[in-house]
Amino acid sequence: MRRTLIAGGLALLLLATACGESRRSGPPAAAGSPTASRQDPAQVERTLASLRKIDDLPMYEMTYDGDYDPTAGLAGSTPPSPFGCSLFAALADRDRPLFARNFDWEPNPALVLRTDPPDGYASISLVDISYLGVSADPTGDRRLLDAPLLPFDGMNERGLAVGLAADDGARAEPVPGLPKVGSVRILRLVLDSAATVDEAVAVFRRYNLDFDGGPPLHYLLADATGASAVVEFVDGKLTVDRRQGPWQALTNVPAVGVPDRELRQDHRYGVLAKELDRTGGVVDAAGALRLLNAVRQPHTRWSVTYGLRSGEVRVVTAGGGTRDYRLPMSD
C-alpha cells in the first residue's frame, strides 16, 4: 500500500530539526589512494593545483582535469548517504527554467566541482568532501580525485539537473540481474550520461540503489525542456511522478501518490508551494534564493540555483558568501 502522511508521523517530521536523523558519528574513515581517477600524473597535478578556497564554510572549488571511472568500487560498500532538504524546479518560463535546492546537514567542508569527462557531459556539482575522508584543509589531498563520485546535486551541459533528499519511509527492493550502485553515486551516472528527464529515469532503472549506511533517498530531476520528475521508492519499487503543473518541489516527506493538501502540511513544502503558486512557477535566480532563504534551517550548509538553459549557477553558503559560475551549454 502507498505510504500516507498520517498525523503522528507527519508531526514527528515537522518537529525534526535536521533533514534526517544522523546514522553516523562522523565522516567515514579516511581512504587511501583514490579509486576513481584515470588521470595521468600531469592531469592529477593540474587538478589538485586548481583547488581554491572560496568561503569560510569551508567551501572550495576545483576543476577536474582528465577522466575518472564513475563505476569504480561499485561492488564494495557505499559511503553513508547525505541528507538534502528543500528542492524545487520552477519551469513555467520556457526560456528560463530553474532548479534550486538547500542542502541541510553537518558543518562539513564542501566543494564546487567542475568535471568534463571525455565520454560524458560536462557538469558542475556540489560535494561534501568529508565523505571522502578529507579534512577542512584538503590542499594536496589525493582523495579529492574521487570527488566526482559523490555529487549531492548538480547540472550538466545539456541542462539536466538532479538533487536528492532523505525519505526515511522508502525501501528499495533489488531487481534480479541489475548491478548495485550507491544512492549518491547514481547522481554522477545521471549527470554524465543523461540529457533529459526521460534519459535520467532510464539511468535509475538500470541499477539497484544501495541505501546502506544512511537514510533512503528520493530525487528531483528537471531539464532544459521544462520537464521534471520525482523518483521515489514506493513499497520497495522505483516509482516516477512527473510534474503536472508549472513547478515541482521535494522535501523530506513522501511525495509520490500523496495528495497535495497533505504534502503542504510539511512546513517547508507548504512555503515552497505557496510562493510557487503565487508566481505561477516563474522564478529567477534571485527570487529562488529568497525562497530558499525562507525555508532555510540553522544547519543549511548551502543554497544553489541552476539555470537549466543559461548554464548559470549561483551558490550561497552558510556564511553568506556567494559565488557565480557559468557552465557552457550544448545542444
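Up top is the structure these notes are about.
Trainee: Describe helix 4 (residues 197–205), and please don't skip the residues or the numbers.
Mentor: Within the span of helix 4, buried status applies to Val197, Ala200, Val201, Val203 and Phe204. Relative to the axis of helix 4, the buried residues are bounded by an arc of 155° and lie together on one face. Considering only its buried residues, helix 4 is in contact with helix 3 (185–193), strand 10 (208–210), strand 11 (217–222), strand 12 (228–234) and strand 13 (237–242).

Trainee: Account for the sheet that holds strand 5 (residues 110–115), with residues named and values stated.
Mentor: Taken in spatial order, the 9 strands make up an open sheet running 1-2-5-6-7-8-11-12-13, and their pairing is mixed. Sheet topology places strand 1 (52–55) and strand 13 at the edges, where each strand pairs with a single neighbour. Taking each pair of neighbouring strands and ignoring which way they run, the sheet shows an average axis angle of 20°. Bridge count for strand 6 (residues 123–128) against strand 7 (residues 153–156) is 4 bridges, and the pairing is antiparallel. What sits directly across from Ser125, in strand 7, is Gly154.

Trainee: So, the sheet that holds strand 17 (residues 322–326): which residues are in play, and what are the values?
Mentor: Judged by pairing direction, the sheet is antiparallel, and its 6 strands sit side by side in the order 14-3-4-15-16-17 without closing on themselves. Strands with a single pairing partner mark the edges of an open sheet, and in this sheet they are strand 14 (247–250) and strand 17. This sheet shows a mean twist of 10° between the axes of neighbouring strands, independent of strand direction. In this structure, strand 3 (residues 86–90) lies alongside strand 4 (residues 98–104), joined through 5 bridges in antiparallel fashion. Looking at the pairing, Ala89 lines up with Phe99 of strand 4.

Trainee: Got a sec to walk through the pattern of salt bridges? Specific residues and values, please.
Mentor: Using the criterion set out here, one finds 18 salt bridges in the structure. The salt bridge involving Lys53 is made with Asp56; its shortest N-O contact spans 3.7 Å. Each member of the pair, Lys53 as well as Asp56, carries the same accessibility label: exposed. Note that Glu173 is salt-bridged to Lys237, the shortest N-O span being 3.9 Å. Taken together, the residues span a long stretch of sequence, with Glu173 in the loop between strand 8 (161–166) and strand 9 (180–182) and Lys237 in strand 13 at a distance of 64 residues. Shared partners join several salt bridges into a network, and the residues in it are Glu61, Arg114 and Arg323.

The rules behind these values
- Residues numbered from 1 in each chain as written.
- Predicted model: local features only at pLDDT ≥ 70, side-chain atom pairs only at ≥ 80, totals over all residues.
- Heavy atoms only, no water.
- Buried < 20%, exposed > 50% of the residue type's maximum accessible area, 1.4 Å probe, protein only.
- Helix = DSSP H or I, 4+ residues; strand = E, 2+ residues; numbered from the N terminus.
- Arc of directions from axis to C-beta.
- Contact = heavy atoms within 4.5 Å.
- Pairing = 2+ DSSP bridges.
- Axes fitted to C-alpha atoms, helices over the stretch in contact; angles between N-to-C directions.
- Salt bridge = Lys/Arg side-chain N within 4 Å of Asp/Glu carboxyl O.

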